[in-house]
Amino acid sequence: MDFEWTAEHNAFRERLRDVLTRTLPADWGVKSRYDTSSEYVSKYSRTFCPMLAKEGLLIPHWAKELGGEGLDGFHHWILGEEMVAAGEPRSYQYMSVNWVGPTLMKYGTKAQVDEFIPKIKSGNFIWCQGFSEPNAGSDLAALSTRAERTKNGYIINGSKIWTSGASFANHCFMLARTGGARRSGVSVFLIPMDAKGVEVRVIPNYIGERTVHEVFFTDVEVPEEWRLGEENKGWDIVTHVLNLERIGIPRYAFSLRVLDHAIDLLKQRGKYSDSAVQARAGRAKAACEASRHMALSIINERVNGRPASATTNVARYALVTSDRMIAEFLGDFLHDDLVGGNDPMIMSGYRRTGSVGIASGAAEVQLDLIARNLLQLPRGD
Ligand SMILES: Cc1cc2nc3c(=O)[nH]c(=O)nc-3n(C[C@H](O)[C@H](O)[C@H](O)COP(=O)(O)OP(=O)(O)OC[C@H]3O[C@@H](n4cnc5c(N)ncnc54)[C@H](O)[C@@H]3O)c2cc1C
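None of these values were measured; they are calculated from a predicted model.

## Comments concerning the pattern of salt bridges
Stage number 1. Per the stated rule, a full pass over the model turns up 25 salt bridges.
Stage number 2. A salt bridge links arginine 13 to glutamate 82, with the shortest nitrogen-to-oxygen separation between them at 2.6 Å. Here glutamate 82 lies in helix H4 (residues 73–85) and arginine 13 lies in helix H1 (residues 7–23), a separation of 69 residues in the sequence.
Stage number 3. Under the relative-accessibility criterion, arginine 13 is labelled buried at 8%.
Stage number 4. Taking relative accessible area as the criterion, glutamate 82 reaches 8% and is therefore assigned buried.
Stage number 5. Across the salt bridge formed by arginine 280 and aspartate 332, the nearest N and O atoms sit 2.8 Å from each other. Of the two residues, arginine 280 is situated in helix H9 (residues 275–303) and aspartate 332 in helix H10 (residues 311–333); the sequence distance between them amounts to 52 residues.
Stage number 6. Look at aspartate 332 and you get partly exposed, because its relative accessible area is 41%.
Stage number 7. One network of salt bridges, in which partners are shared, links Arg13, Arg17, Glu81, Glu82 and Arg292.

## What about the pairing of strand S3 (residues 153–161)?
Stage number 1. Bridge count between strand S2 (residues 146–149) and S3: four bridges; the pairing is antiparallel. Looking across to S3, one finds that alanine 147 is bridged to isoleucine 156.
Stage number 2. What sits between S2 and S3 in their antiparallel hairpin is a turn of three residues.
Stage number 3. By the bridge criterion, eight bridges tie S3 to strand S7 (residues 212–223) in an arrangement that is antiparallel.

## Details of the site of the ligand
Stage number 1. Around the ligand there are 17 residues in total, and Gln129, Ser132, Ser138, Ser164 and Asp368 lie nearest to it.
Stage number 2. Between an oxygen atom of the ligand and a main-chain N or O atom of serine 132, the distance comes to 2.7 Å.
Stage number 3. Interatomic distance of 3.0 Å between a side-chain N/O atom of glutamate 364 and an oxygen atom of the ligand.
Stage number 4. Relative to its free-state accessible area of 970 Å², the ligand is covered by the protein chains to the extent of 68%.
Stage number 5. Per element, the largest residue contribution to the shell around the ligand is three residues, and it comes from helix H13 (residues 363–374).
Stage number 6. Here the residues of the shell around the ligand are counted per class, giving seven nonpolar, eight polar and two charged.
Stage number 7. When we break the shell around the ligand down by domain, the ones giving at least three residues each are domain 2 (128–240) and domain 3 (246–374).

## Topic: helix H12 (residues 344–351)
Stage number 1. The complete set of buried residues in H12 reads Met345, Ile346, Met347, Ser348 and Gly349.
Stage number 2. Buried-residue contacts for H12 involve helix H8 (252–268), H10 and helix H11 (335–340).
Stage number 3. Between the side-chain oxygen of the N-cap and the backbone nitrogen of methionine 345 there are 3.0 Å, and the N-cap of H12 in question is aspartate 343.

Conventions used here
- Residues numbered from 1 in each chain as written.
- Predicted model: local features only at pLDDT ≥ 70, side-chain atom pairs only at ≥ 80, totals over all residues.
- Heavy atoms only, no water.
- Salt bridge = Lys/Arg side-chain N within 4 Å of Asp/Glu carboxyl O.
- Helix = DSSP H or I, 4+ residues; strand = E, 2+ residues; numbered from the N terminus.
- Buried < 20%, exposed > 50% of the residue type's maximum accessible area, 1.4 Å probe, protein only.
- Pairing = 2+ DSSP bridges.
- Near = heavy atom within 4 Å.
- Polar contact = N/O pair within 3.5 Å; in protein donor to acceptor, adjacent residues only side chain to side chain.
- Areas by Shrake-Rupley, 256 points an atom, 1.4 Å probe, with all protein chains shown as cover.
- Nonpolar A, V, L, I, M, F, W, Y, C, P; charged D, E, K, R; others polar.
- Domains from an automatic or database assignment.
- Contact = heavy atoms within 4.5 Å.

Structure representation (C-alpha cells):
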C-alpha cells in the first residue's frame, strides 16, 4: 500500500490535538489515571462529548444528512487514535458513535431513531453491550437469556457477563433468545438500565475501576417497541455490529505513548544505555507500528468499499501482540513502578493489557480464523 496522509487528514489530526490540549484538565493524567472505566472519566465524558459535538468532532464520519460531516473512514480512525492516545476522554461513548448509532439508523424504527440518535448526538448518553453470557462468549450463538412473548411484548430473564460500562450506562444494547437454538432464535433489545428487574454488579478486577460487570435481568417487562429489528432476525444485526467493531480500538496509540514515557523514565534513571533494553524497546515499538499499519490497511479496504477479509483477524492479532510486548517491557524493566503504582500512565499501560487477548474476541479465535480463512489450512478433529 502506498500511503501518505493528505493535507486534509493532517489538518484534522492537528484540529483534534488542539481541542484536546485546550480542553483536558491540566491534571487529567492524575484524575483520570487513563482509566476509561473510572467514575471520573465516565462523568467527564458527559461534558467532553457535548463539547466535541459543538466542535463538529463527535460524529464527523456520519453522513451530513445525519448530522455528521461525511468524512471518510481515515478521519474516523484518526479520531480514534487521538482519543485513545489521550486516555479516551469519551469513555464508553466511543461505542455510541462507532457502532450503536449507525446500527440504530440501519435497523431501527422511525420512533427508535427519533428517540436515540439525538441523544447520541448530544454526547450525553452511554450505552453498554449485553452480548456475552457465562456460557456464551466466543460461542455467542449459545446465549440463553430468554425473552418470552407476552400479550404486550416480552419478559426477559437471564444474565450477561463482562459488560463494559454497565455502571454508567443509560441503555443496554442486548441479545436475548426469542426462538429456537443458535443464530436463528436471537433478537436484539434496547433496555433502559433503570428498568425494573435490571441489576448491575461490578466484577472486581485489576484492569480498571469499573471495567466489567454482571448484568442480571429478572422478569424485566419489555414492550414490543424496545425490540430492534425483526423477531429472531437479531443475528443479522450482530453481524453488522461485529463488522463495525471488527478491528477493535487503536490501542497501539496509547501503547506508543506509554513506551515513550517508559523510555524517558529509564533514561532519567541512567538505565537506558544497556543495548539489551534498547533492543527490547525497539522491538516493542516496531510491533506497535506494524499493528498500526495493519489497522490502516484494513481502513483502506473499507474506504475503498472492499469486503471484509481475513486480514482483519491478522490486524486484531497484531494489536494483541504489540500490547503484550509493551506489558512485557514494563514488567521486565519498570517492575518497581508497577509494584509502587504511582505513575498513572505506566500503571494503565500495564493493567489494560490484561484483557487485550480476550475482550472483543479471544486472540486464539483470531488465530483459528486466520488458519481457516487466510491460510486455508485443513481443520483438525
Ligand atoms: C475487559 C473486557 C471487556 C468486555 N466487554 C464486553 C462487553 O461490553 N460486552 C460483551 O458482551 N462482552 C464483553 N466482554 C466479553 C468478551 O467478548 C468475551 O470475554 C470474549 O468473547 C471471550 O468469551 P469468554 O470470556 O466466554 O471466553 P471463552 O469463549 O470461554 O474462551 C476462553 C478461552 O478459550 C479459548 N477458546 C475459546 N474458543 C476457542 C476457539 N474457537 N478456538 C481456539 N480457542 C478458543 C481461548 O483461549 C479463549 O481465550 C469483555 C471482556 C473483557 C475481558
